[in-house]
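Observations on the three-dimensional arrangement
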Amino acid sequence: MPKDEKTFIKRRAFQKIHVYLHIQNLCSVLMKLKFSINYNTIWGQSLHVVIIYTGTDSREKRQNLPMLTQDGCCWTAETALMESRRNPITSFSYYYQVEDGDGHVVRREWNLVSRVYAFDSTKDYIFPDQWRDIPLQMHLYSDAYLTTTRRQRPQPVSAHRLPLYRKTVVFRVSAPQLKEGESLAICGNHPAIGNWNPVRFLPMTPVGDYEWMLSVNVDGMPLPLEYKYVIVDDATRTLKAWEEGDNRTSDDHQVRDGEVLVLYGESLRVKEETWRAAGVVIPVFSLRSEHSFGVGDFGDLRRMVDWAVATGMKVVQVLPVNDTTSTHSWTDAHPYNAISAFALHPHYLELAQIGEPADAAAMTAFKRQRRELNSYAYCDYMAVDRVKSEYVDMVFQQEGAKTLQSAEYRTFFEANKWWLVPYAAFCVLRDKYNTSRFTDWKEHATFNRKAVEEFFAQTDEVQRICFVQYHLHKQLKAAADYARRQGVALKGDLAVGVAHDSVETWVYPQFFNADSQTGTPPDRYSPNGQNWAFPTWRWEAGKELFEWFHRRFAHMEQFFDAFRIDHVVGYFRTWEIPSQYVYATCGHFSPALPMSEAEIGQAGLPFRRELMTRPFVNDRLLHKIFGLHAPYVREHFLTAKAYGLYDIKPDYDTQVKVCRHFEGRNDENSLWIKEGLLRLLQNVLFVEDPRHAEMYHPRFGAQTDSVYEVLTTEEKDAFARLYNNYFYQRHNDFWGYDAFKRLSRLLADTRMLVCAEDLGMLPACVEPTLDALRILSLEVQDMPKTDTFEFAHLDAYPYRSVATFATHDMAPMRLWWEENPGRAQRYYATMMQKQGRAPEKMPAQVAEEIIARHLYCSSMLCMLSLQDWLAMDNTLRSRNVRDERINQPFDSFNPWRYRMHVSIEQLLKASQFNAKLKTMISRSKR
């Protein structure tokens with residue numbers, strides 16, 4: 001071998017040795033982690049354990065470790081770690097998840113309380129685990145429970161460093177059921193763990209979030225161990241109760257030298273104390289006090305908390321409080337039509353808290369206007385908007401600069417600028433182009449964060465907007481903190497969507513299907529269905545959309561301890577209406593499993609695209625709908641084709657085009673023709689899927705239209721089979737599986753108590769999915785969840801539910817009684833077990849009995865509207881029962897202007913009524 005080559009080989013060898021020694025100096029092989037868990041997967045799925053290592057500099061390193069199985073049930077994994085000595089690891093945590101063949105996460109175990117442990121490089125850890133579903137006692141972890149029971153909020157679970165031995169067993173258990181003055185201990189079958197002696201238990205250590213741990217030296221102990229957890233009275237240090245069920249065991253796991261066996265199975269098996277609460281439901285805009293300006297505000301919300309305390313109520317529920325300002329007209333009063341999911345509505349600003357205008361004459365005028373606005377029985381949205389805007393303008397001119405320079409404002413701005421800056425720019429740009437229609441100006445102002453921030457810095461108007469949002473945030477946070485100190489939880493409302501013209505659709509267009517609208521199918525109350533005009537969510541946006549929702553929930557948690565998911569079925573499937581339609585009749589489910597032409601044909605219905613997907617129009621139908629206007633319609637709106645049929649001209653071939661043509665024409669004939677054309681355009685058997693070519697959905701209610709009559713008897717039978725399969729059978733498992741994944745991911749990090757609005761037409765998968773996710777259902781006697789009863793039985797309500805008599809979309813108790821005399825009579829006889837004729841108008845004592853029955857039902861929460869609470873007192877109930885209705889869902893012109901007819905100050909003075917309420921609530925153990 002040449003000398004140069006030998007020298008080169010030696011040099012490379014020395015380099016390798018040097019690198020090896022350098023690596024040995026920086027890193028060392030550390031402990032092994034061994035995982036095992038029983039979990040049944042289906043074909044194509046695999047189980048993974050995700051490990052998060054945390055260093056001394058708080059940096060995290062993640063490892064997704066695939067697990068192995070021989071039988072698809074018992075999964076194992078093992079890993080060894082090399083640690084950098086420059087950044088030692090202090091702790092590690094982990095969780096399990098199921099992935100499909102493409103690496104997508106199908107399911108993740110509950111991880112609100114993490115499996116976290118201190119790191120010890122001298123030990124190997126063994127984890128024989130159980131999959132953690134959301135615990136049955138999930139409500140005990142909620143902010144609502146902690147607030148209303150006045151329990152101290154637990155610290156997050158920590159990586160508590162326990163003493164470790166040559167052979168160690170670590171016991172860990174979750175015990176949210178423990179009360180104040182109680183702690184946890186262990187007692188078992190060996191002298192080292194008490195030998196079943198009730199006075200020789202081993203106390204455990206709390207490590208945060210109701211978790212308890214204990215390490216035991218098992219060197220020389222015979223395994224397996226049998227043991228139970230016991231509750232100890234802190235004051236007397238005596239055993240108070242053993243947990244229920246069979247003895248726990250360490251199974252056949254052996255512990256070798258240097259190993260730590262961690263036993264962390266099911267939670268403490270002790271029945272928790274039943275928690276039930278009562279509360280009042282009222283929109284913020286409906287509140288009335290001597291301090292408000294014609295509309296309720298966040299100062300009034302704080303005063304409402306005082307009334308809740310006076311009556312023993314534990315929860316105050318409101319409707320959405322986000323900004324809905326779009327046109328500065330009464331149509332902006334719709335609380336679910338938000339232009340921002342984060343900004344609060346300027347109307348809810350308590351003006352007295354931001355200061356008074358220095359101009360004495362102006363202040364005198366404002367006081368006069370306040371008296372005038374408060375004298376109205378309803379909320380005059382436009383007048384309030386004008387007066388409050390003028391007041392804020394004057395105060396901003398005086399105090400704005402000072403406020404914007406304050407440290408408190410800067411803290412608020414830095415924490416919220418990610419949504420505040422786009423919101424402020426959106427409002428200014430919308431007004432600049434003098435339109436509320438997003439589509440009119442979006443091409444002039446396509447969202448660009450850098451450009452928006454530059455624009456933001458140069459514009460005074462956006463400073464005013466931030467000034468208002470700062471004070472709104474401050475006032476609502478103060479009301480929420482005050483409520484918590486009083487033991488009252490505020491319950492918010494998560495709207496099903498955002499307005500089509502909103503900050504979110506501008507900043508995050510990838511989150512929405514702009515060509516579709518959200519609504520509901522037709523029913524007995526709204527034969528054309530409901531079109532809410534919200535763009536549908538594009539769940540395919542994936543991680544980015546879920547992260548946005550997590551930020552939204554974190555924002556809500558500043559103010560609310562619980563929240564209601566509006567239209568929860570929309571997270572299973574949405575009734576998606578193509579943007580060219582005004583009525584919801586031609587909508588379809590999304591996600592869905594549409595039908596191909598071949599599938600329709602195989603069911604016995606030969607598919608004819610022209611006949612079945614285009615509006616069917618013939619002379620008979622024209623005369624039936626238009627009568628004497630049929631010739632005019634035929635001449636101006638239709639084009640004749642073969643066999644006596646007609647096509648609708650391109651200028652009028654969508655419902656949107658028809659409405660645009662007749663805009664401003666309100667005479668009887670124009671309305672008649674317009675309505676008729678809208679009906680013609682929905683006269684189809686199938687609706688084409690907008691995203692899958694040559695795939696179709698049966699049109700809801702098509703059997704009642706003339707196109708159905710064209711079919712033969714055999715074809716009608718085939719269509720009926722397809723229709724029933726699509727609407728009642730085809731999607732149930734698909735929707736349940738999809739919604740479980742979606743909702744569990746959305747709600748993974750929130751501690752707010754989650755309540756669903758699950759009324760109306762529901763697929764069978766909704767109830768078990770909500771139960772698995774520990775989400776409270778909504779129970780209304782007039783809308784039973786089973787078709788076999790006219791009224792739901794209060795005694796049959798599940799514990800994990802919210803009981804109410806009516807929602808804001810329904811008639812309050814007294815109005816329902818008067819509008820439905822037949823049903824009221826049957827309710828009187830069957831539910832109340834009364835004899836004779838029901839009173840025409842509901843007496844106070846009947847209202848009191850209905851309320852008492854609701855208070856004694858098994859539901860976790862009993863939430864009644866203020867109108868219904870006041871119905872049991874003749875001196876406080878409104879004289880005009882029809883003024884008490886808040887919303888009629890099938891009325892698109894509903895003004896949303898209900899306001900309390902008595903002030904909060906008057907309610908606080910009604911001591912006799914308040915004492916009665918408090919007694920009723922106390923006796924019902926709420």
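Along its length, the protein chain carries 27 helices and 35 strands. Taken over the C-alpha trace, the protein chain has a radius of gyration of 32 Å; the compact-globule value for 926 residues is 29 Å, and the two agree within 12%. Counting only C-alpha atoms, the protein chain reaches 105 × 80 × 70 Å along its principal axes. For the protein chain, the distance from the average position of its 111 positive side-chain charges to the average position of its 115 negative side-chain charges is 4 Å.

To continue, consider a nonpolar patch on the surface. There is a patch of nonpolar side chains on the surface, built from W330, M382 and F893 and spanning about 340 Å² of accessible area. Residue placement: M382 occurs in helix α5 (residues 381-404).

Glycine aside, a negative phi is what most residues show, and trans is what most peptide bonds show. Geometrically, the link from L223 to P224 is a cis peptide bond, its omega value of 5° lying close to zero. Mapped onto the elements of the fold, P224 is located in the loop between β14 (211-217) and β15 (226-233). P591 follows S590 through a cis peptide bond whose omega is 0°. For P591, the location among the structural elements is in the loop between β26 (588-590) and β27 (595-596). Residues other than glycine seldom take positive phi values, yet Q833 does so here, at roughly 55°. Its location among the elements puts Q833 in the loop between α23 (821-830) and α24 (844-855). The class of Q833 is exposed, set by a relative accessible area of 61%.

So, on to empty space enclosed by the protein. Per the counting criterion, the structure on display carries seven cavities of 30 Å³ or more. The volume enclosed by the largest cavity comes to roughly 260 Å³. V281, Q317, A806, T807 and H808 are the residues nearest the centre of the largest cavity, which is lined by 26 residues in total. The set of elements that each furnish at least two residues to the lining of the largest cavity consists of β21 (489-494), β32 (753-756), β33 (777-780), β34 (801-804), β35 (861-865) and α25 (866-870). With three residues, the top contributor of residues to the lining of the largest cavity is β35.

Relative to the 20 Å expected for 14 residues at 1.5 Å per residue, helix α17 (residues 668-681) spans 20 Å between its end C-alpha atoms, a close match to the ideal helical length. Listed as buried for α17 are S670, I673, G676, L677, L678, L680 and L681. Each element contacted by the buried residues of α17 is listed here: α14 (619-626), α15 (630-637), β29 (646-648) and α16 (655-661).

It is worth spelling out the packing of aromatic side chains at this point. Given two aromatic rings, their pairing is described by the distance between the two centres and the angle made by the two planes. Taken as a whole and judged by the stated rule, the model has 74 aromatic pairs. Plain terms: the ring middles of W196 and W242 are 6.1 Å apart, the flat faces sit at 40° to each other, and that makes the pair tilted. Here the residue W196 occupies a position in the loop between β11 (182-188) and β12 (202-203), and W242 occupies one in strand β16 (residues 238-242), the gap between them amounting to 46 residues. Under the relative-accessibility criterion, W196 is labelled partly exposed at 31%. A ring pair is formed by F553 and F563, whose centres lie 5.4 Å apart and whose planes are at 35°; its orientation type is tilted.

It is worth spelling out the side chain of N887 at this point. Mapped onto the fold, N887 is located in the loop between α25 and α26 (904-909). When its relative accessible area of 6% is taken as the criterion, N887 is described as buried. Beyond its immediate chain neighbours, meaning those up to four positions away, N887 contacts H808, D809, M810, N894 and W896.

Now for the environment of F413. For F413, the position within the fold is in helix α6 (residues 407-432). Sequence separation of F413 and R248 is 165 residues, and the distance between their C-alpha atoms is 52 Å.

In this section: the sheet that holds strand β19 (residues 277-281). Spatially, the eight strands line up as an open sheet ordered β32-β24-β21-β20-β19-β35-β34-β33, and their pairing is parallel. Looking along the sheet, the strands with just one partner apiece sit at the ends: β32 and β33. Across the sheet, the mean angle from the axis of one strand to that of its neighbour is 25°, orientation sign disregarded. Direction of pairing for β19 relative to β35: parallel, over a ladder of five bridges. In the sheet register, A277 faces β35, and the bridge partner there is L861.

For the rest of this paragraph, the subject is the confidence of the model for the protein chain. The predicted model of the protein chain has a mean per-residue pLDDT of 92, with 94% of residues at 70 or higher. Here residues 13-26 is a poorly scored stretch, pLDDT under 50, and it has six contacts once near neighbours within four places are set aside; other chains count. Confidence drops under pLDDT 50 across residues 436-441; counting only partners more than four residues distant or on other chains, this segment forms 18 contacts.

About the thresholds
- Residues numbered from 1 in each chain as written.
- Predicted model: local features only at pLDDT ≥ 70, side-chain atom pairs only at ≥ 80, totals over all residues.
- Heavy atoms only, no water.
- Helix = DSSP H or I, 4+ residues; strand = E, 2+ residues; numbered from the N terminus.
- Rg over C-alpha atoms; globule rule 2.2 N^0.38 Å.
- Lys, Arg positive; Asp, Glu negative; His and termini not counted.
- Charge placed at Lys NZ, Arg CZ, Asp CG, Glu CD.
- Patch = residues over 30% accessible without salt bridge, like charges linked within 9 Å, V, L, I, M, F, W, Y side chains within 5 Å.
- Areas by Shrake-Rupley, 256 points an atom, 1.4 Å probe, with all protein chains shown as cover.
- Salt bridge = Lys/Arg side-chain N within 4 Å of Asp/Glu carboxyl O.
- Buried < 20%, exposed > 50% of the residue type's maximum accessible area, 1.4 Å probe, protein only.
- 1 Å grid on protein atoms, 1.4 Å probe; cavity = no way out; pocket = protein on both sides within 12 Å on 5 of 7 lines; lining within 4 Å.
- Points joined across faces, edges and corners; volume = space filled by probe spheres on them.
- Expected span 1.5 Å × (residues − 1).
- Contact = heavy atoms within 4.5 Å.
- Phe/Tyr/Trp six-rings, centres within 6.5 Å; stacked < 30°, edge-to-face > 60°.
- Pairing = 2+ DSSP bridges.
- Axes fitted to C-alpha atoms, helices over the stretch in contact; angles between N-to-C directions.
- pLDDT = per-residue confidence, 0-100.

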